[in-house]
Every structure is written in structure tokens, then in C-alpha cells.
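Chains, contacts and geometry: an overview
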Amino acid sequence: MSEELLTGREATEFLKMNYHYLMRLASQGIVPSHQKGRKCKRYFLKSELIAWLKGEYEAGRTSPKRRGRKPSLKFPVG
């Protein structure tokens, strides 16, 4: 038995949610999604979305992705 794979638009229809909001939640790891590369299309497994709705899905990432420069390490000179 193969899992039902949904595109972003199909997932928004299934969840009755705004597309851009769903994509933001998916990129933060709050909603389960799959993506092969950084700029590739995002896909959703219907069974994972159902588990997420029931509260059975544990988010993969605890905090949103950091953006911007990495902090520089400064060591005391002395």
C-alpha cells in the first residue's frame, strides 16, 4: 500500500488552510512535510497530516530556522 502524497495546494484543500500559512508552518517544522532540496517543491503525506491534526505528530524542529549572519566568536586578547 502506498502513501497518498499531496502537493501544497491539495494539502491546503484537505486542511482548509491558507496556502502561505501552511508553507510557513511546514518550513518551520510545525506541520510534517517532505522536500528533496532547498528550492524544491514541498510535499505532504496525508497520513502524517491526519496524525498532526489528531495531535499525534511531534514537530521535527523545535525552533524556526535562523536567518541572517552567524554570530562571530570573540575571544579575549590578553
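In short, a report on the structure. Computed from a predicted model, the values in this text were never measured in an experiment. (Residues numbered from 1 in each chain as written. Predicted model: local features only at pLDDT ≥ 70, side-chain atom pairs only at ≥ 80, totals over all residues. Heavy atoms only, no water.)

1. Quick notes on the environment of L15
Quick reminder of the rule: Under the scheme used here, helices are H or I runs from DSSP no shorter than 4 residues and strands are E runs no shorter than 2 residues, and both carry numbers assigned from the N terminus. Residue contacts follow a heavy-atom distance rule, with two residues in contact if any of their heavy atoms lie within 4.5 Å.
Structurally, the position occupied by L15 is in helix α1 (residues 8-15). As a C-alpha pair, L15 and L53 span 38 residues in sequence and 8.7 Å in three-dimensional space. Setting aside anything within four residues of it in sequence, one finds L15 in contact with L22, L49, W52 and L53.

2. Here we look at the nonpolar core
What counts is decided by this rule: Definition of nonpolar core: a set of buried residues of the types Ala, Val, Leu, Ile, Met, Phe, Trp, Tyr and Cys, connected through side-chain atoms within 4.5 Å. Burial classes: relative accessible area under 20% of the type maximum marks a residue as buried, over 50% as exposed, and values in between as partly exposed (1.4 Å probe, protein chains only).
L6, A11, L15, L22, M23, L25, A26, V31, F44 and L49 together form the largest nonpolar core, which totals 10 residues. In terms of residue count, the dominant contributor to this core is helix α2 (residues 19-27) (four residues).

3. Considerations on the packing of aromatic side chains
Ring pairs (aromatic) are described by centroid distance and by the angle formed between their planes. How we decide: Note on aromatic pairs: the rings of Phe, Tyr and Trp (six-membered ring only in Trp) are paired at centre separations within 6.5 Å, and the planes decide the class, stacked below 30 degrees, edge-to-face beyond 60, tilted for the rest. For a Lys NZ or an Arg CZ to count as sitting over a ring, it must be within 6 Å of the ring centre and within 35 degrees of the ring normal.
Counting across every chain of the model gives zero aromatic pairs. Over the aromatic face of Y19 sits the side chain of R9, whose NZ or CZ is 3.8 Å from the ring centroid.

4. Side note on α1
Applied cut-off: Note that the arc is computed from the directions linking the helix axis to the C-beta atoms.
When α1 is considered as a whole, its buried residues turn out to be G8, A11, T12 and L15. For α1, the angular spread of buried residues about the axis comes to 100°, placing them on one side. Those residues of α1 that are exposed and angled more than 90 degrees off the buried face are R9 and E13. Check the buried side of α1 and you find it contacts β1 (5-6), α2, β3 (42-45) and α3 (46-54). Two residues or fewer after α1 comes K16, characterised by a positive phi angle close to 55°.

In short, shape yes, function no, at least from these values alone.
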